[in-house]
Amino acid sequence: MKTKLIFAILFGASVLIACAPKAITNPTETATPSLTFTPILQTSTPTVEWIIYATPLNLSYDTSNDEIILVIDELFPGNCIKDNQNLLKANPTLVAQYEPMLLVPPLIFSEISTLPEPSPNYWGERADNIDNSVTAFIICQTGDCSKIYIKNNKLGNFYKIDVGAGTDRPLGHLYWINKNTFVVVEEFHATAKIFAVNVDKQQFEYYGITGGCPRTPMPSQTPTP
């Protein structure tokens with residue numbers, strides 16, 4: 001079974017995406033996210049298929065007070081995103097001292113001449129923003145699904161985005177939450193890293209890690225004599 005398909009199934013079992021409610025965010029346009037995978041056959045390479053994970057949203061939020069955490073928490077219910085800190089706001093000195101693995105890496109945008117050719121042995125993802133002005137791609141090379149690529153459909157520019165993800169853990173679940181910002185997930189065995197990237201400002205708006213919600217302990221039972 002293909003690596004990207006396995007990743008999508010495993011993550012989908014624990015993270016079910018839902019549209020953020022109006023009580024938390026203020027949609028500036030009406031959009032209903034699709035929760036189904038939509039493979040689209042790439043015409044230039046018949047053996048490569050793209051997954052479109054969800055339809056884009058156009059949500060507004062206040063970046064100064066971390067409203068984006070509530071947005072992402074509603075997109076990924078059952079993972080208690082709101083119980084975890086946005087590591088962009090963490091003290092890097094303390095993080096480096098106690099949890100160096102949680103240091104936020106540099107976000108690197110590199111302009112490229114064209115998109116790389118996808119490997120036919122992997123599933124790729126693509127996602128168009130709300131007005132189709134920008135398209136984001138996860139294009140896997142052999143053994144590496146850790147980079148995101150974007151195309152400015154108005155100017156024809158291409159960029160490679162390095163979010164600091166490991167090459168052994170593929171990225172997935174591309175999801176535009178507004179015209180300029182997409183969310184993407186890197187899945188591990190017991191945790192997941194979630195990145196929100198503003199392509200207009202070329203910066204992270206959210207960088208967090210979740211281990212899901214704590215499990216409710218089973219009630220103890222007293223044996224019947």
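Up top you'll find the structure we're talking about.
Residues numbered from 1 in each chain as written. Predicted model: local features only at pLDDT ≥ 70, side-chain atom pairs only at ≥ 80, totals over all residues. Heavy atoms only, no water.

Visitor: Mind showing me how you'd approach the nonpolar core here?
Guide: Buried together is how nonpolar side chains tend to be arranged in soluble globular proteins. Membership of the largest hydrophobic core comes to 28 residues, with the highest contact counts inside it found for Ile148, Ile150, Ile161, Val163 and Phe182. Only strand 7 (134–138), strand 8 (147–152), strand 9 (158–162), strand 10 (171–176), strand 11 (181–187), strand 12 (192–198) and strand 13 (203–210) provide two or more residues apiece to this core. Ignoring sequence-local partners within four residues, the contact set of Ile150 consists of Phe109, Val134, Thr135, Ala136, Asn157, Phe158, Tyr159, Ile161, Phe182 and Val199. One finds Ala54, Ile69, Phe76 and Ile81 within the second-largest nonpolar core, a separate group that totals 20 residues. (Core = buried A, V, L, I, M, F, W, Y, C linked by side-chain atoms within 4.5 Å. Buried < 20%, exposed > 50% of the residue type's maximum accessible area, 1.4 Å probe, protein only. Helix = DSSP H or I, 4+ residues; strand = E, 2+ residues; numbered from the N terminus. Contact = heavy atoms within 4.5 Å.)

Visitor: Please explain the packing of aromatic side chains as it appears in this structure.
Guide: Ring pairs (aromatic) are described by centroid distance and by the angle formed between their planes. For the structure on display, the rule yields six aromatic pairs. Relative to Tyr207, the ring of Phe195 has its centre 5.1 Å away and its plane inclined at 65 degrees; by these criteria the two rings are edge-to-face. Separated by 12 residues along the polypeptide, Phe195 in strand 12 and Tyr207 in strand 13 bring together distant segments of the chain. Taking the relative accessible area as the measure of exposure, Phe195 reaches 1% and is therefore buried. Its relative accessible area of 2% is what places Tyr207 among the buried residues. Among the aromatic residues, those joined into a ring-pair cluster are Phe195, Phe204 and Tyr207. (Phe/Tyr/Trp six-rings, centres within 6.5 Å; stacked < 30°, edge-to-face > 60°.)

Visitor: Looking at this structure, how should I read helix 2 (residues 67–75)?
Guide: Residue pairs spaced three or four apart in an α-helix point in one direction, given the helix's 3.6 residues per turn. Considered for burial, the residues of helix 2 that qualify are Ile68, Ile69, Val71, Ile72, Asp73 and Leu75. Residues of helix 2 that are buried make contact with strand 4 (59–60), strand 10, strand 11, strand 12 and strand 13.

Visitor: What should I look at first to understand the pairing of strand 7 in this one?
Guide: Residues in a regular strand point their side chains to alternate faces of the sheet. Of all five residues in strand 7, five are buried; the element is thus mostly enclosed. Neither face of strand 7 is left uncovered, since the one carrying Val134, Ala136 and Ile138 and the one carrying Thr135 and Phe137 both have all their residues buried. In terms of strand pairing, strand 6 (residues 124–128) meets strand 7 through four bridges, oriented antiparallel. Within strand 7, the residue paired with Ala127 across the bridge is Ala136. Counting the residues between successive antiparallel strands, the hairpin from strand 6 to strand 7 contains five residues, one of them, Asn132, with a positive phi of roughly 60 degrees. Relative to strand 8, strand 7 is paired through five bridges, and the arrangement is antiparallel. Counterpart to Val134 in the pairing with strand 8 is Asn152. (Pairing = 2+ DSSP bridges.)

In short, geometric facts, not functional conclusions.
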